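A look at the structure
Read off the chains here:
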Amino acid sequence: QGLKRTEHEGFGGGNTAWEEEKLAKYQHSETRLLEVLEGICTPSDFACHQLLERSEEHVEQWWFHEQQQHPDFFQWLCMDRLSLCCPPGTYGPDCRPCAGGPQQPCSGNGQCDGDGTRRGTGLCVCSPGYGGPFCAECGDGYYEALRNKSHLVCAECYRACGHCTGPEDSSCLRCKRGWVLHEHRCIDIDECGTEMAHCRANQFCVNTEGSYECRDCSTACIGCMGAGPARCKKCNKGYWRDGAKCLDVDECASAEEPVCTGAQEVCENTEGSYRCICTRGHVRQDGHCVEDKPPDAPEKGFFDDVTEDEVVVLQQMFFGVMICALATLAAKGDMVFTA
């Protein structure tokens, strides 16, 4: 890119003709090389600067001595001199051909692992819809929509088909898991009805296309045949059966004796059980219900309610009284008053 950018430039300024005659042509000058190198890396690209620093001697060698014989700088530096890259369609330390050949690796339907580098396995990683060691076949769930000597186009089968001859649901040759083939059509298997499902004890089975789901029973049930308290096999503790449904037992209302016997306690019914709570105006402390009242406030001192302004006034009054008393004593001669 730097070579293209400076292709039509010159030394600039002064007598360009004299400069080119005396200082050699700009096209092959050190000035142009420096201008190219200055624009190679962005300021924040540390890896680029590091690579350029390691390769600087090679760059100068090519610029002044090799570019006439080896005009392809990438080939000369990256492949031949540094041995970091391989030609397209090859891979590994020896630049061996990728699977499917270097001209069209992986039949054009995938990526060669390590293509163009000195790493990788050379094996094909096929694009979606393609398969085989050279990506020259259609993968599971796809069929050949078009094939000629150089190209293969694979299209998606009907969603239930694992292998097919066309896009219709009647073109199936093999079904995906969870479906069964019947007259070239894939029919969903009801895993719940055929006892193929494996759900836990307190779950029920729901059939889905090609599979099934296990969902939790209602909390009212011990084992169930579906969703809700009307599909229970057996009612859970804290519930009673009313026809087909398992209903919550109201322990607070149905008990002959009070179920909450602590002082200031009342019973509150919950789903499948109950709990004992404190009456209004009481809180539970150490397992007992006690009256909810704020802690006793400490007794106020004599000056607790005095404001800052009032304190200032009191101080001024105190000092005034003291000065008056001292002045009176001094006037009577009972003491010597000095400043």
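Residues numbered from 1 in each chain as written. Predicted model: local features only at pLDDT ≥ 70, side-chain atom pairs only at ≥ 80, totals over all residues. Heavy atoms only, no water.

Quick word on the state of the cysteines
For the structure shown, the criterion picks out 17 disulfides. Bridging C161 to C172, the disulfide has an S-S length of 1.6 Å. Taken as a pair, C161 in strand β9 (residues 161-164) and C172 in strand β10 (residues 172-175) lie far apart in primary sequence, 11 residues in all. In this structure C172 comes out as buried when scored by relative accessible area, which is 0%. (Disulfide = S-S within 2.5 Å. Helix = DSSP H or I, 4+ residues; strand = E, 2+ residues; numbered from the N terminus. Buried < 20%, exposed > 50% of the residue type's maximum accessible area, 1.4 Å probe, protein only.)

With respect to a nonpolar patch on the surface
Taken together, the side chains of V313, L314 and M317 define a hydrophobic patch exposed on the protein surface, amounting to about 280 Å² of accessible area. Within the secondary structure layout, V313 lies in helix α7 (residues 308-332). (Patch = residues over 30% accessible without salt bridge, like charges linked within 9 Å, V, L, I, M, F, W, Y side chains within 5 Å. Areas by Shrake-Rupley, 256 points an atom, 1.4 Å probe, with all protein chains shown as cover. Salt bridge = Lys/Arg side-chain N within 4 Å of Asp/Glu carboxyl O.)

Let's talk about the packing of helix α4 (residues 46-66) against helix α5 (residues 73-81)
The geometry of α4 relative to α5 is characterised by a closest axis approach of 11 Å and an angle of 130° between their N-to-C directions. Our classification of the angle between α4 and α5 gives oblique. Taken as a pair, α4 and α5 cross one another with a handedness that is right-handed. Packed against α4, whose contacting residues are H58, V59, Q61, W62 and E66, the element α5 presents F73, W76, L77 and R81 at the interface. Class assignment for the residues of the contact of α4 with α5 results in five nonpolar, two polar and two charged. (Axes fitted to C-alpha atoms, helices over the stretch in contact; angles between N-to-C directions. Parallel < 35°, antiparallel > 145°, perpendicular 65-115°, else oblique. Left-handed = near helix turned anticlockwise from the far one by under 90°. Contact = heavy atoms within 4.5 Å. Nonpolar A, V, L, I, M, F, W, Y, C, P; charged D, E, K, R; others polar.)

What to know about α5
Given 3.6 residues per helical turn, the α-helix brings residues three or four places apart onto the same face. The complete set of buried residues in α5 reads W76, L77, C78 and M79. In this structure, the buried side of α5 is in contact with α4. Its side-chain oxygen at 3.2 Å from the backbone nitrogen of F74, D72 defines the N-terminal cap of α5. (Polar contact = N/O pair within 3.5 Å; in protein donor to acceptor, adjacent residues only side chain to side chain.)

A short note on the packing of helix α3 (residues 30-38) against α4
A pair of packed helices is characterised by two quantities: the angle between their axes and the separation of those axes. Where α3 meets α4, the closest approach of the two axes is 12 Å, and the angle between their N-to-C directions is 150°. Taken together, the axes of α3 and α4 are roughly antiparallel relative to one another. Here the hand of the crossing between α3 and α4 comes out right-handed. Contact residues: α3 offers E30, R32, L33 and L37, while α4 offers L52, V59, E60, W63 and F64.

Quick notes on α4
Taking 1.5 Å per residue as the helical rise, α4 with its 21 residues ought to reach 30 Å, and the 28 Å between its terminal C-alpha atoms agrees with that figure. Taken together, the buried positions of α4 are C48, L52, S55, V59, W62, W63 and E66. On its buried face, α4 is in contact with α1 (2-5), α3 and α5. (Expected span 1.5 Å × (residues − 1).)

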